[in-house]
Amino acid sequence: MQVKSLLLSVGIGAVAGAATMLLIPRHSEAYRVADDAAHSLKAGAEKMFDTMRGN
């Protein structure tokens, strides 16, 4: 049950973050910083999954 609650919280947070990003103009510094952070997180997650698979 705790894992389900954690995943639900993470999902709600992701949706809230995405909705907030839609309100920020693309040319603003805040958008660029958030976009860079998202790309860094994605790259880190891909690296972690590759390591877990043994590639």
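Residues numbered from 1 in each chain as written. Predicted model: local features only at pLDDT ≥ 70, side-chain atom pairs only at ≥ 80, totals over all residues. Heavy atoms only, no water.

- The protein goes by YtxH domain-containing protein in an unreviewed UniProt entry, where it is assigned to Candidatus Avoscillospira avicola.

**Examining the overall build of the protein**
- Of regular secondary structure, the protein possesses two helices and zero strands.
- The C-alpha radius of gyration computed for the protein amounts to 15 Å, which surpasses the reference 10 Å derived for 55 residues by more than 25%, pointing to a less compact arrangement than a globule.
- Classification of the 55 residues of the protein by burial places 4% in the buried group.
- Accessible surface for the protein amounts to roughly 5,000 Å². Of this, 69% is attributable to carbon and sulfur atoms.
- Both charge centroids of the protein, one from 6 positive and one from 5 negative side chains, sit 7 Å from each other. (Helix = DSSP H or I, 4+ residues; strand = E, 2+ residues; numbered from the N terminus. Rg over C-alpha atoms; globule rule 2.2 N^0.38 Å. Buried < 20%, exposed > 50% of the residue type's maximum accessible area, 1.4 Å probe, protein only. Areas by Shrake-Rupley, 256 points an atom, 1.4 Å probe, with all protein chains shown as cover. Lys, Arg positive; Asp, Glu negative; His and termini not counted. Charge placed at Lys NZ, Arg CZ, Asp CG, Glu CD.)

**Brief notes about the environment of R32**
- Here R32 shows up in helix α2 (residues 29–53).
- Looking at R32, the relative accessible area reads 41%, which means it is partly exposed.
- Note: C-alpha distance between R32 and M52 (20 residues apart in sequence) is 30 Å.

**Notes on α2**
- Between the first and last C-alpha of α2 there are 36 Å, a value that for 25 residues agrees with the 36 Å anticipated at 1.5 Å per step.
- Positioned one or two residues after α2, G54 has a phi angle of 90°, which is positive. (Expected span 1.5 Å × (residues − 1).)

**Observations concerning the environment of L41**
- Here L41 shows up in helix α2.
- Separated by 18 residues in sequence, L41 and L23 have C-alpha atoms that sit 21 Å apart.

**Notes on helix α1 (residues 2–23)**
- Between its first and last C-alpha, α1 extends 32 Å over 22 residues, near the 32 Å set by a 1.5 Å rise per residue.
- Taking burial as the measure, the 22 residues of α1 include zero buried ones, a minor fraction of the element.

**Some thoughts on the pattern of salt bridges**
- Per the stated rule, a full pass over the model turns up two salt bridges.
- One salt bridge connects R32 with E29, and the closest N-O pair in it is separated by 3.3 Å. Of this pair, R32 and E29 both sit in helix α2, three residues apart, roughly one helical turn.
- The partner of D50 in a salt bridge is R53, and the shortest N-O contact between them spans 2.6 Å. Here the residue D50 and the residue R53 both occupy positions in helix α2, the gap between them amounting to three residues, near one helical turn. (Salt bridge = Lys/Arg side-chain N within 4 Å of Asp/Glu carboxyl O.)

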